[in-house]
Amino acid sequence: MGAQLDVCLELNLTLNQTENDPPISELVKLAAGGDRDAFAAVVDAQYDYIFRIAFKWLGDKSDAEDVTQNVVIKLAKSIQQFDGRSQFSSWLYRIALNAVRDHQRASNRQGRNVVALSLVSPTSAPSNQEDDVTMNEVWSAVRQLPEKQRDAVLMVYGEDMSHADCATIMGCKESTVSWYVHEAKKSLKGLL
Amino acid sequence: MSDMEKKLKRLKSLETPAPSSDAKKRAAALAMAAFDETAEKTTNGSQGLSWGQRLMSIVTPLKGIRLMDIRIPATAAITALLIVPISWQLMNNTSLTPPTLGETIVAPTEQKDELGKGVVDGVISQQETENDLAAIVIPAPEMEAPMVSPNVSASSKVATRTMGAPAPMRDQLGYLQSGDQFERFDDANIKLTGDQPVSTFSIDVDTASYAYVRRAIENGRLPQKDAVRTEELINYFDYNYATPPSAELPFAPKISVYPAPWNAEHQLMHVAIKGYMPENVMAQPSNLVFLIDTSGSMNDTDKLPLLKRAFKLLVEQMDEQDTVSIVTYAGAAGVVLEPTSGAEKRKILDALDNLTPGGSTAGAAGIETAYRLANEAKNNDGVNRVILATDGDFNVGISEPEALKDFIKQKRDKGISLSVLGFGEGNYNDALMQALAQNGDGNASYIDSYTEARKVLVNEIGGTLQTIARDVKIQVEFNPTQISAYRLIGYETRALNREDFNNDKVDAGDVGAGHTVTAIYELTPVGAAQPVDPLRFGETTQVDAASKSDELAFFKLRYKLPGADESTLIEMAVTNDNVVNNIADLSNEIQFGTSVAAFGQKLRSNAEIGTFGFDEISALAQASRGEDKFGYRAEFINLVEAAKSLAKN
C-alpha cells in the first residue's frame, strides 16, 4: 500500500496535463527556481488536489475554497524552499493539512464549531441517498475526533493512504499513526 | 473486516464537489502575486534595490492588534504562518565583516500569509497556546481583511512548519525576519584614535526605526537587526535639552562625558542638540500636497484608514492661510483635490474620506502632479511641502530611483520639500523612504498607530513641517593622549568622509523646529584595557597634542540656515569640565537616552554591550523617566520588558 499514495497523487497530478507538458516534478523544480509560468502551471495542476484535501477535512465547499486559496499562496512563498527531500505531493499535503488546521482552530475560537457538525455540504453532488447518510454520519463523527486521531483516520481511510505515508505527512512514526487509528476507533465506538 | 472498519472504509466514498472556477481563478491570481513578490524579494537580495518594480500587493501583511485600535470592528482573517528557512542567519552573523554601506539587502520573507476572509463582526480572539509538534506558536496579529467570501471568518496565529523545511529563521536573540526592506549595515567598529582621530557624520532626526521596532516587538517578534538604527531609537524621544535663544543661532550643543553603564572602563560622550523652536509654527502659512498611495495593498486598517485619520489631524490644525491638495497614485491616479484653502475643512475631509484603495495600475506621473500643485499654490513665505504617504509602493511615475531622487532634489532647490510617512508592514521599503526624504529635505516617519500619527503630525508638527537648519554635520576629533579608541553608537548609515564636513555641497540631515538630536560616542580612555594591541613594529604615533592635553576631544558642527548656501560652524573643546563621574548625577534626559542607546545595541546584538541586559536597561530607563508627559518613556520601558521575554524564547 506504500506506493498507493504516490500512485494516487501521480494520477491526480497528471490530470490536468497534456502529453507535451513537462512532468510536475520538473515544473516544481522550475518554479522553485523562480519560473513564473512553471509556477502558474503548478498551481493550475494542484488546485483541485488541494481543494479535495481541504474539502474532505472541512466538509464545506466555501471553507475548502478559502483554505485552498491560502495554500496556493503559501505555496508561492515557499516553493523556493522546496528542496526535493520529500515528495512534492506529501510536502504539499502537509501544507494543506496545516492550513486546514489553522482554519479550524480559528473557526473554533470564533465559536463557529459548526464545521465539525456539518454534514457534507448540500453543494456536493447528490448520489445514492442512503449511502450518503451513513457516510455523512461517519464523516461528521470523524471530524469530531481529536485532531491527530482525525488526521490519521482521514488519511488512512479517507485518502486510502498507507500508515507509512500518513506518518511522513504527520511527521511522526508509523507506529504512532497506527496508535492514533486505534484510539480513533475506540472513540468512534460511542459515536457510530 | 469489523463493522467499524467497514464504516471507516466509507470515508473514501465522499465525493468532492468541483471547486468553483471563480475561486480557482482568484486563488491563482493571489498565488501569482505572492509568487512575484517572493521572487522579487529573493532576487533583490543579490541585485540591489528594485523598488519600482513592485506594482501590486494583494497579499496583506500581518497586522498588530493595537490596544488603541479596538474600536475598529474586529474583522478576522486566516493568518497562517508558514515559516520558511533561508540561511538568513548568515546575515546576522557578519558583525566582523567591514561595514558595507549603501548595499541594500532585502530580508527574506518571513512567510506570512493571511488571506482575507469574510467580514464578520466577531471578537478578536486570542490564540490559545497549543503545544503541537507541528506548530510553533508565535503571536501573529489579526487584521482587517478584504472580503472574499461572505460567511467565513477566522483567525489564527499559528505558524506551521512544513515538512522538509528547516527550522524557522531566528538568530541567537530569536529574531524573526519580515518582508520589509531595510538598508543593511553593520555596527560601527571601534576606531583607534591613533589611526583615525576624526569622526564625521550627518545628523539624523528620523524616528521611523523606533516605530518599526516597537511594532515588531508588540507583534511578538524581535525586529531584524537592520531595522534597528540606534540613533533613530534615541532620537525618537523628545529630550528637554536647553533651547537655543534665536533662529540665527539655532543650536546650542551640550556635551557630557560619563562612565558607560555597560563597561566601567569606558566613557560615553553624549552630545545633546536641540533645534530652535519658533513661537508658533502653525502660524506660518503652509502649502501641503498629500501624495497618497491608494494601491490595493493600502487596504489594511493600519494603512489607508489610519492614513486618513492621520491626515485629518493635520487638516484640523490648518486655517485660511494654508492650502491643501490631494493627489493619489495607483488605481485612480490623479488629482483628488485641487489646492484648497485650509478654511474649507469640510471639503478637504470629504475628499480624504472618499479615498478608496484599489487597483494596482501604475499611477502615471503621480509625483509630478503633486509637485505641480505644490508649485501652483506655492507660498514664498511659508512651508511648501509634498507629504508622500505609502506602504512601500513607489510607482509614483518616475521609476528610476536615481531619477526620482534627482527630481526631488531639484524640486527641493526650488523650495518644495518632501516628507515621507510610511504605513503598514510587510511591504515597507525603509531604505527608499529614507533616501527620498533625505533628498527632499524632509523626514521619514513610520506611522504604526494613531498615537504615532498624533506625535508626528500634531505634537511635533513644527519639526515635521518647518526646517530650521539644513545639512547639519558633526565632526569630532579625539585627542590620542586622552582617548585611545572610540566608537560612535548608531549613525552607521550616516557616516561621512572627513573631507565632507567642510564641503557644503555634501548633503546631510536637516533639523526641524524644536527637534532634539543626540549622538553618543563610547570612548576608551588611555590607560583602560585596549581593544587592540599596539603595533610592535609600526611607527609610534607622534602626538603633538601635549599642549592641549586636558582636552579630550574637539567638537565641530556645521549647519546651513534655511535658504543659505554656505554653512555656519559651531565648535567647542571637550575638556574635564564636561566630565561627570557618576551617571546618577546626570540629568534624566541623558540617562534615559543612554538606556535607549543600550537597548538599540542590545537588539543589534552588539558585542560591546556585553552582559548588560534588558533588566539593567529597564532599570536605567525607569530611574530616568522624568515627567514623561505623553507616556513615551513608559512605553519604552514596556518595550524593553517585552523584548526581554522575546529574547528568551
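What you are looking at is a predicted structure, and each value in this text was computed from that prediction instead of being measured. (Residues numbered from 1 in each chain as written. Chains lettered and ligands numbered in written order. Predicted model: local features only at pLDDT ≥ 70, side-chain atom pairs only at ≥ 80, totals over all residues. Heavy atoms only, no water.)

Mind laying out the overall build of chain A, listing which residues take part and the relevant values?
Along the backbone of chain A there are ten helices and zero strands. Seen in sequence order, chain A has helices and strands lined up from the N terminus as α-α-α-α-α-α-α-α-α-α. Counting the 192 residues in chain A, one finds 59% classified as buried. Put simply, of all contacts in chain A between residues at least 6 apart along the chain, 64% involve residues at least 24 apart. (Helix = DSSP H or I, 4+ residues; strand = E, 2+ residues; numbered from the N terminus. Buried < 20%, exposed > 50% of the residue type's maximum accessible area, 1.4 Å probe, protein only. Contact = heavy atoms within 4.5 Å.)

Give a detailed account of the sheet that holds strand E18 (residues 483–489) of chain B, specifying residues and quantitative values.
Residue and element names in this part refer to chain B. Within the open sheet, the five strands sit side by side as E7-E18-E20-E10-E9. Their pairing is antiparallel. Bordering the open sheet on either side are strand E7 (191–192) and strand E9 (254–260), each of which pairs with just one other strand. The pairing of E18 with strand E20 (residues 516–525) spans six bridges and is antiparallel. Note that in E20 the partner of Tyr 486 across the bridge is Leu 523. (Pairing = 2+ DSSP bridges.)

Give a description of empty space enclosed by the protein that names residues and reports values.
All names here are of chain B. Inspection of every chain in the model, using the stated rule, returns ten cavities of 30 Å³ or more. Taken as a whole, the second largest cavity spans an internal volume of roughly 100 Å³. Considering the residues around the second largest cavity, the lining is formed by Val 205, Asp 206, Thr 207, Asn 443, Ala 444, Ser 445, Lys 455, Val 456, Glu 460, Thr 464 and His 515. Those elements that provide at least two residues to the lining of the second largest cavity are strand E16 (444–447) and helix H11 (450–459). In terms of domain composition, the lining of the second largest cavity takes at least three residues from each of domain 2 (191–278 + 468–648) and domain 3 (281–465). (1 Å grid on protein atoms, 1.4 Å probe; cavity = no way out; pocket = protein on both sides within 12 Å on 5 of 7 lines; lining within 4 Å. Points joined across faces, edges and corners; volume = space filled by probe spheres on them. Domains from an automatic or database assignment.)

Help me get a handle on the pattern of salt bridges, residues and values and all.
For the structure on display, the rule yields 27 salt bridges over all chains. Glu 183 of chain A is paired through a salt bridge with Lys 186 of chain A; the nearest N and O atoms lie 3.3 Å apart. Separated by three residues within a single helix, Glu 183 of chain A and Lys 186 of chain A lie in helix H10 (residues 174–189), roughly one turn from each other. Among the ionic pairs, Asp 448 of chain B bridges to Arg 214 of chain B, the shortest N-O distance being 2.7 Å. Here Asp 448 of chain B, found in the loop between E16 and H11, pairs with Arg 214 of chain B, found in helix H4 (residues 208–218); they are 234 residues apart in sequence, far enough to count as distant. Residue Asp 448 of chain B shares its accessibility class with Arg 214 of chain B, and that shared class is buried. In the salt-bridge network here, residues are joined through shared partners; they are Arg 101, Glu 147, Arg 150 and Asp 151 of chain A. (Salt bridge = Lys/Arg side-chain N within 4 Å of Asp/Glu carboxyl O.)

So what's going on with unusual backbone geometry? Residues and values would help.
Its identity as a non-glycine residue notwithstanding, Asp 160 of chain A has a phi of 60°, on the positive side. In this structure, Asp 160 of chain A sits in the loop between helix H8 (147–158) and helix H9 (163–170). One non-glycine residue, Tyr 491 of chain B, lies in the positive phi region at around 60°. Tracing the chain through its elements places Tyr 491 of chain B in the loop between E18 and strand E19 (509–512).

Any chance you could break down the packing of helix H2 (residues 24–32) of chain A against helix H3 (residues 36–58) of chain A for me, citing the residues and the numbers?
Residues and elements named next belong to chain A. Across the interface, H2 lies against H3 with an axial gap of 8 Å and an inter-helix angle of 135°. One way to sum up the angle between H2 and H3 is to call them oblique. Helix-helix and strand crossings are classified by hand; for H2 and H3 the assignment is left-handed. Across the interface between the two elements, Ile 24, Leu 27, Val 28, Leu 30 and Ala 31 from H2 touch Ala 38, Phe 39, Ala 41, Val 42, Ala 45 and Gln 46 from H3. Here the residues of the contact of H2 with H3 are counted per class, giving ten nonpolar, one polar and no charged. (Axes fitted to C-alpha atoms, helices over the stretch in contact; angles between N-to-C directions. Parallel < 35°, antiparallel > 145°, perpendicular 65-115°, else oblique. Left-handed = near helix turned anticlockwise from the far one by under 90°. Nonpolar A, V, L, I, M, F, W, Y, C, P; charged D, E, K, R; others polar.)

Residues and numbers for the packing of aromatic side chains, please.
Residues and elements named next belong to chain B. Tallying each qualifying case throughout the model produces 28 aromatic pairs over all chains. Taking 5.9 Å as the distance between ring centres and 75° as the angle between the ring planes, the aromatic pair formed by Tyr 236 and Tyr 632 counts as edge-to-face. Note that Tyr 236 is positioned in helix H5 (residues 230–236) and Tyr 632 in helix H15 (residues 632–648), a separation of 396 residues in sequence. Take Tyr 236 and Tyr 632: they sit in the same class, and that class is buried. Cluster of aromatic residues (ring-pair linked, three or more members): Tyr 210, Tyr 236, Phe 237, Phe 592, Phe 599, Phe 614, Tyr 632 and Phe 636. (Phe/Tyr/Trp six-rings, centres within 6.5 Å; stacked < 30°, edge-to-face > 60°.)

Before we move on, can you summarise the sheet that holds E16 of chain B with the specific residues and values?
All names here are of chain B. If you walk across this open sheet you meet the six strands as E13-E12-E11-E14-E15-E16, and the pairing is mixed. With one partner strand each, in any of the chains shown, strand E13 (334–341) and E16 form the two edges of the open sheet. Each neighbouring strand pair of the sheet contributes to a mean axis angle of 20°, computed without reference to strand direction. Across seven bridges, the pairing between strand E11 (residues 286–293) and strand E14 (residues 383–390) is parallel. Paired with Ser 286 across the strands is Val 383, a residue of E14. Running over the sheet, helix H10 (residues 430–439) touches E14, strand E15 (417–423) and E16 and is turned about 160° from E15.

Got a sec to walk through the environment of Thr 243 of chain B? Specific residues and values, please.
All names here are of chain B. Here Thr 243 shows up in the loop between H5 and E9. Since its relative accessible area comes to 45%, Thr 243 is described here as partly exposed. Each C-alpha atom, one on Thr 243 and one on Thr 516, is 9.4 Å from the other, the two residues being 273 residues apart in sequence. Not counting the four nearest positions on each side in its chain, Thr 243 is found in contact with Lys 274, Gly 275 and Met 277.

Any chance you could break down the confidence of the model for chain A for me, citing the residues and the numbers?
All names here are of chain A. For chain A, the mean per-residue pLDDT works out to 73, and 73% of the residues sit at or above 70. By mean pLDDT, the top-scoring element of chain A is H3 (87), and the lowest-scoring one is helix H6 (residues 114–117) (37). The low-confidence segment residues 1–20, where pLDDT is below 50, has 26 contacts with residues more than four positions distant or belonging to other chains. Contacts from residues 110–127, a stretch scored under 50 in pLDDT, to residues over four places away or in other chains number 42 contacts. (pLDDT = per-residue confidence, 0-100.)

Account for the packing of H8 of chain A against H10 of chain A, naming residues and giving values.
Residues and elements named next belong to chain A. Taken N-terminus to C-terminus, the directions of H8 and H10 make an angle of 100°; their axes are 8 Å apart at the nearest point. The angle between H8 and H10 falls in the class roughly perpendicular. On H10, the residues touching Lys 148, Gln 149, Ala 152, Val 153, Val 156 and Tyr 157 of H8 are Val 177, Tyr 180, Val 181, Glu 183, Ala 184, Lys 185 and Ser 187. The residue makeup of the contact of H8 with H10, split by class, is eight nonpolar, two polar and three charged.

Can you explain the confidence of the model for chain B? Please cite residues and give values.
Residues shown with low pLDDT carry predicted positions that ought not to be read at fine detail. Considering every residue of chain B, the mean pLDDT works out to 73; 71% of them sit at 70 or more. Low pLDDT, under 50, characterises residues 44–177 of chain B; the stretch is placed with 377 contacts to residues that sit more than four places away or in other chains.

Lay out the side chain of Arg 101 of chain A with the relevant residues and their values.
Note that Arg 101 of chain A resides in helix H5 (residues 88–109). One polar contact links Arg 101 of chain A to Asp 151 of chain A, side chain to side chain, over a distance of 2.6 Å. (Polar contact = N/O pair within 3.5 Å; in protein donor to acceptor, adjacent residues only side chain to side chain.)

Mind laying out the environment of Arg 412 of chain B, listing which residues take part and the relevant values?
All names here are of chain B. Along the chain, the position of Arg 412 falls in helix H9 (residues 401–413). A sequence separation of 30 residues divides Arg 412 from Gly 442, and the C-alpha atoms of the two residues are 9.4 Å apart. With residues up to four places along the chain from it excluded, the contact list for Arg 412 reads Gln 438, Asn 439, Gly 440, Asp 441 and Asp 507.

Please set out the pairing of E9 of chain B residue by residue, giving values where relevant.
All names here are of chain B. Most of E9 sits out of view: five of its seven residues are buried. Where E9 lies against strand E10 (residues 263–274), seven bridges are found, and the strand directions are antiparallel. Bridging from a neighbouring strand, Ile 255 pairs with Val 271 of E10. In this structure, the hairpin formed by E9 and E10 is closed by a connection of two residues.

Help me get a handle on the side chain of Asp 500 of chain B, residues and values and all.
Note that Asp 500 of chain B resides in the loop between E18 and E19. For the buried residue Asp 500 of chain B, which engages in no salt bridge, the nearest side chain bearing the opposite charge is Lys 473 of chain B, 6.9 Å off. (Lys, Arg positive; Asp, Glu negative; His and termini not counted.)

Any details on the environment of Leu 11 of chain B? Residues and values, ideally.
Tracing the sequence through the fold places Leu 11 of chain B in the loop between helix H1 (3–9) and helix H2 (21–47). Looking at Leu 11 of chain B, the relative accessible area reads 0%, which means it is buried. Dropping the residues within four chain positions of it, Leu 11 of chain B is found in contact with Val 138, Trp 139, Val 142, Val 153, Leu 154, Tyr 157 and Gly 158 of chain A.

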